[in-house]
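Here's the letter readout for the chains.
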Amino acid sequence: MTSDKSHPATLHGQINTLALQSGKLRDAFLKKKPRDLPGNTIQDLTNLTDTLGRIADKVEEFEAERGNSLALAKIGGVVNSSLELNEVL
């Protein structure tokens with residue numbers, strides 16, 4: 001994704017944006033006439049907001065772990081490329 005402020009660059013940021021939008025939608029519905037909405041609309045939007053928040057947190061953890069794994073793989077590649085095969089064997 002682009003680094004434009006309207007489009008978060010990370011998956012974590014995108015999910016957080018969706019969570020914020022669903023919360024705003026829920027709040028807007030609450031200001032209107034909630035009795036005109038289908039039965040569980042407000043609760044469903046609350047659940048969606050909460051679930052997206054939890055998913056965003058997990059994604060952030062996975063993104064950090066992936067970054068660490070990539071860094072470790074890069075270090076391993078540097079170490080391996082600096083070894084002399086005949087000396088190691």
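Our structure's up above, just so we're on the same page.
A. Quick look at a negative patch on the surface. A grouping of Asp-57, Glu-60, Glu-61, Glu-63 and Glu-65 is seen on the molecular surface, where their side chains present a negatively charged patch. Looking at where Glu-63 falls in the secondary structure, it is placed in helix H2 (residues 41-82).

B. Here's a closer look at helix H1 (residues 11-31). A rise of 1.5 Å per residue sets the reference length of H1, with its 21 residues, at 30 Å; its end C-alpha atoms lie 30 Å apart and thus fit the reference within 8%. All of the buried residues in H1 are His-12, Gly-13, Ile-15, Ala-19, Ser-22, Gly-23 and Arg-26. Lining the buried residues of H1 we find H2.

C. Structural detail: the environment of Arg-54. With respect to the element layout, Arg-54 can be found in helix H2. Separated by 35 residues in the primary sequence, Arg-54 and Ala-19 place their C-alpha atoms 9.6 Å from one another.

Definitions and limits used
Residues numbered from 1 in each chain as written. Predicted model: local features only at pLDDT ≥ 70, side-chain atom pairs only at ≥ 80, totals over all residues. Heavy atoms only, no water. Patch = residues over 30% accessible without salt bridge, like charges linked within 9 Å, V, L, I, M, F, W, Y side chains within 5 Å. Areas by Shrake-Rupley, 256 points an atom, 1.4 Å probe, with all protein chains shown as cover. Salt bridge = Lys/Arg side-chain N within 4 Å of Asp/Glu carboxyl O. Lys, Arg positive; Asp, Glu negative; His and termini not counted. Charge placed at Lys NZ, Arg CZ, Asp CG, Glu CD. Helix = DSSP H or I, 4+ residues; strand = E, 2+ residues; numbered from the N terminus. Expected span 1.5 Å × (residues − 1). Buried < 20%, exposed > 50% of the residue type's maximum accessible area, 1.4 Å probe, protein only. Contact = heavy atoms within 4.5 Å.

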